[in-house]
Amino acid sequence: MNKQKRFLLQESDIPTQWYNIQADMPNKPMRPLNPATKQPLTAEDLAHIFSLECSKQELDTEHAWIDIPEEVLDMYKYYRSTPLVRAYALEKALDTPAHIYFKNESVNPLGSHKINSALPQCYYCRKEGVTNVTTETGAGQWGAALSYAAKVFGLEAAVYQVKITLQQKPYRGILMRTFGANVTGSPSMSTRAGKDIITRDPNNSGSLGTAISEAIELATTTPNCKYALGSVLNHVALHQTIIGLEAEKQMEMAGEYPDMVIACFGGGSNFGGIAFPFMRHTILEGRKTEYIAAEPSSCPKLTRGEFRYDYGDEAGYTPLLPMFTLGHDFKPANIHAGGLRYHGAGVIISQLIKDGMMHGVDIPQLESFKAGLLFSRTEGIVPAPESCHAIAATIREANRCKESGEQKVILFNLSGHGLIDMPSYDSYLNGDLSDYNISDEEIRKYLAGVPKLD
Ligand SMILES: *Cc1c(COP(=O)(O)O)cnc(C)c1O
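Treat the numbers as computed from the prediction; the structure is a model and nothing was measured.

1. Digging into the overall build of the chain
Moving on, step 1. Along its length, the chain carries 18 helices and 15 strands.
Moving on, step 2. Its C-alpha radius of gyration of 21 Å places the chain within 12% of the 22 Å reference for a compact globule of 454 residues.
Moving on, step 3. Across its three principal directions, the C-alpha atoms of the chain cover 65 × 50 × 50 Å.
Moving on, step 4. Relative to its 454 residues, the chain shows a buried fraction of 62%.
Moving on, step 5. Of the roughly 17,800 Å² of accessible surface on the chain, a fraction of 49% belongs to carbon and sulfur atoms.
Moving on, step 6. Taken as two groups, the 43 positive and 52 negative side-chain charges of the chain have centres that lie 3 Å from each other.

Set out below in structure tokens:
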């Protein structure tokens, strides 16, 4: 029997277009609203903050295929294709009849999938004459990816990182500076928003909300400076479809087709990236594949949130997005999977959930690390704390297969490695971590803060 472990594409077989699921969705996502006028948002509205090309991609419901620019493809080739791997050792440890495959998006200079969107975003900025990009970052994966991509395309990058994270987990800050970015702990004295926060509360240790406010202020007050976002928005998920499009070809090399596609879920970009290309066959040809998004049970917007128009950020600067949300001022517990601590779900995903095309599952923190440990000890890759959620959801399904005797084919996305997150594993191994439960009442309280539209 052919027990091939890894499936790789030739450079010439790397996909040259991204897949825009919006064009094929039977029910299009509802339009985001301009927060000032409450009117449907236009690409011109978005282009005040984002590059024009990304603004157009965001609202494009017509073109199913979008060409990847030559210059971006050239840079994808520095690390793509990424391997599709059959997890034989994990299967064996679980004693499951399921066939488990994973797409390894951790093997690139930055260690997570975020680089797949950082490169095109910086490329479009460059092409449109932009000289500076700015963003916020929590744990730092996005900031690191953007710093590298900015350097590649000759842009200056300014990254606002949550102050407390920058101090407690300094390595990604160092990585960003290594790639030439200007890194500032937020709140800072460099913006009006930051000054206001510090004046009110000198000991404020920062949050994604403060960092977003500072980055957007910089983008809107600096000539030739654009803002870039690493998740949630449609154009980010579009760029990430390179993952699923490659996986589709690689599964074919393996002679299989997934019964289930699983990814962890923060704002939805790595999930959309691996799932949408397969979902196209479900929409167009009725193929029966199950799509499962694994969120932390401490931040359960997919399973316990409400479908509402809400802001994408804590400060309320972004357009109003029609999405499953826990409320924009939701304060998630301080779990180690920093990339999954986001209150909302992105408008495409939210529509797909409403239409019953996919569903979420909630993973407690301890279960996620237990899964990460088993994966490390079998497949030899230490997963990012975020990715551990996808592994835990995969293990649940593989165990179900063991009970029922079904030989399902499961594909999950390994969104990143955890080698810069070792303090999280240290805490887990020392027994210092716990699960966080959130009550219905708390969720109701946060949802009361969602703006009411009349
Ligand atoms: C940012 C991040 C995530 C969560 O973001 P999505 O947009 O939901 O993919 C997941 N895994 C890793 C490794 C990340 O860096």
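2. Considering the pattern of salt bridges
Moving on, step 1. Tallied over the full model, the rule gives 13 salt bridges.
Moving on, step 2. With a closest N to O distance of 2.6 Å, Glu379 and Lys5 form a salt bridge. Placement of the pair is Glu379 in helix H15 (residues 365–379) and Lys5 in the segment before strand E1 (6–7), with a sequence separation of 374 residues.
Moving on, step 3. Here Glu379 falls in the buried class, since its relative accessible area comes to 12%.
Moving on, step 4. Across the pair Asp421 and Arg172 runs a salt bridge, and its minimum N-O distance is 3.2 Å. Of the two residues, Asp421 is situated in the loop between strand E15 (409–414) and helix H17 (422–429) and Arg172 in helix H8 (residues 171–178); the sequence distance between them amounts to 249 residues. For the pair Asp421 and Arg172, one class covers both residues: buried.

3. Considerations on the layout of surface pockets
Moving on, step 1. Taken as a whole, the second largest pocket holds about 160 Å³ of empty space.
Moving on, step 2. Lining the second largest pocket are Asn34, Pro35, Leu41, Asp45, Leu46, His48, Ile49, Phe50, Thr220, Tyr317, Thr318 and Pro319.
Moving on, step 3. Taken together, the residues of the lining of the second largest pocket break down into seven nonpolar, four polar and one charged.

4. Focus on the pairing of strand E10 (residues 260–264)
Moving on, step 1. Buried residues dominate E10, accounting for five of its five residues.
Moving on, step 2. Neither face of E10 is left uncovered, since the one carrying Met260, Ile262 and Cys264 and the one carrying Val261 and Ala263 both have all their residues buried.
Moving on, step 3. Note that the unit made of E10, helix H12 (residues 269–285) and strand E11 (residues 290–296) has a crossover that is right-handed.
Moving on, step 4. Inspection of the sheet shows E10 paired to E15 by three bridges, in the parallel sense. Along E15, the bridge assignment pairs Met260 with Ile410.

5. Re helix H5 (residues 115–127)
Moving on, step 1. Over its 13 residues, H5 extends 18 Å from the first C-alpha to the last, a length consistent with the 18 Å expected when each residue adds 1.5 Å.
Moving on, step 2. Burial runs high along H5: 11 of the 13 residues are buried.
Moving on, step 3. Here H5 has its buried residues at Ile115, Asn116, Ser117, Ala118, Leu119, Pro120, Gln121, Cys122, Tyr123, Tyr124 and Cys125.
Moving on, step 4. Residue Gly129 follows H5 closely and has a positive phi angle near 85°.

6. Quick notes on the packing of aromatic side chains
Moving on, step 1. Counting across every chain of the model gives 15 aromatic pairs.
Moving on, step 2. Here the aromatic cluster, defined as three or more aromatic residues joined through ring pairs, consists of Phe102, Phe375 and Phe412.
Moving on, step 3. We note Lys3 situated over the ring of Tyr88; from NZ or CZ to the ring centre the distance is 4.4 Å.
Moving on, step 4. Over the ring of Tyr446 we find Lys445; its NZ or CZ atom is 4.9 Å from the centre of that ring.

7. Concerning the sheet that holds strand E8 (residues 182–186)
Moving on, step 1. Taken in spatial order, the four strands make up an open sheet running E8-E7-E6-E9, and their pairing is parallel. Looking at strand neighbours, the two that pair on one side only are E8 and strand E9 (225–227), the edges of this open sheet. Adjacent strand axes in the sheet meet at a mean angle of 25°, parallel and antiparallel pairs treated alike.
Moving on, step 2. When strand E6 (residues 132–137) meets strand E7 (residues 156–162), the two strands line up parallel, connected through six bridges. Opposite Glu136, over in E7, you have Tyr160 as the bridge partner.

8. What about the site of the ligand?
Moving on, step 1. Surveying the vicinity of the ligand reveals 18 residues, the closest of which are Lys114, Ser231, Gly266, Ser269 and Ser415.
Moving on, step 2. With respect to the ligand, the backbone of Gly267 contributes an N or O atom lying 3.0 Å from an oxygen atom.
Moving on, step 3. Taking Ser415, its side chain carries an N or O atom lying 2.7 Å from a nitrogen atom of the ligand.
Moving on, step 4. Burial of the ligand by the protein chains amounts to 98% of its free accessible area of 380 Å².
Moving on, step 5. Along the lines of polarity and charge, the residues of the shell around the ligand split into four nonpolar, 12 polar and two charged.

9. Here's the deal with the pairing of E11
Moving on, step 1. Counting buried positions along E11 yields six of seven residues, so the element is predominantly enclosed.
Moving on, step 2. Relative to E11, E10 runs parallel, the two sharing five bridges. The residue of E11 that forms the bridge with Val261 is Tyr291.
Moving on, step 3. For E11 and strand E14 (residues 359–363), the ladder comprises five bridges, and the chain directions are parallel. Considered in E14, the bridge of Pro296 is made with Ile363.

10. A look at helix H14 (residues 347–354)
Moving on, step 1. The element H14 is largely enclosed, with a buried count of seven among its eight residues.
Moving on, step 2. If you follow the buried residues of H14, they end up packed against helix H11 (234–254), H12, helix H13 (301–304), strand E12 (306–311) and strand E13 (320–325).
Moving on, step 3. Just beyond H14, the residue with positive phi is Gly356, at close to 70°.

11. Remarks on the nonpolar core
Moving on, step 1. Counting 77 residues, the largest nonpolar core has Trp18, Tyr76, Leu119, Phe271 and Met358 as its most contacted members.
Moving on, step 2. Among residues more than four places away in sequence, those in contact with Tyr76 are Trp18, Ile68, Asn116, Leu119, Pro120, His239 and Ile242.
Moving on, step 3. Core analysis: the next-biggest nonpolar cluster, separate from the first, contains 30 residues, Cys264, Val361, Ala371 and Cys401 among them.

Reading the values: the criteria
- Residues numbered from 1 in each chain as written.
- Predicted model: local features only at pLDDT ≥ 70, side-chain atom pairs only at ≥ 80, totals over all residues.
- Heavy atoms only, no water.
- Helix = DSSP H or I, 4+ residues; strand = E, 2+ residues; numbered from the N terminus.
- Rg over C-alpha atoms; globule rule 2.2 N^0.38 Å.
- Buried < 20%, exposed > 50% of the residue type's maximum accessible area, 1.4 Å probe, protein only.
- Areas by Shrake-Rupley, 256 points an atom, 1.4 Å probe, with all protein chains shown as cover.
- Lys, Arg positive; Asp, Glu negative; His and termini not counted.
- Charge placed at Lys NZ, Arg CZ, Asp CG, Glu CD.
- Salt bridge = Lys/Arg side-chain N within 4 Å of Asp/Glu carboxyl O.
- 1 Å grid on protein atoms, 1.4 Å probe; cavity = no way out; pocket = protein on both sides within 12 Å on 5 of 7 lines; lining within 4 Å.
- Points joined across faces, edges and corners; volume = space filled by probe spheres on them.
- Nonpolar A, V, L, I, M, F, W, Y, C, P; charged D, E, K, R; others polar.
- Right-handed = clockwise from strand over helix to strand, strands pointing away.
- Pairing = 2+ DSSP bridges.
- Expected span 1.5 Å × (residues − 1).
- Phe/Tyr/Trp six-rings, centres within 6.5 Å; stacked < 30°, edge-to-face > 60°.
- Lys NZ or Arg CZ within 6 Å of the ring centre and 35° of its normal.
- Axes fitted to C-alpha atoms, helices over the stretch in contact; angles between N-to-C directions.
- Near = heavy atom within 4 Å.
- Polar contact = N/O pair within 3.5 Å; in protein donor to acceptor, adjacent residues only side chain to side chain.
- Contact = heavy atoms within 4.5 Å.
- Core = buried A, V, L, I, M, F, W, Y, C linked by side-chain atoms within 4.5 Å.

Any link to function would need more than the numbers given here.
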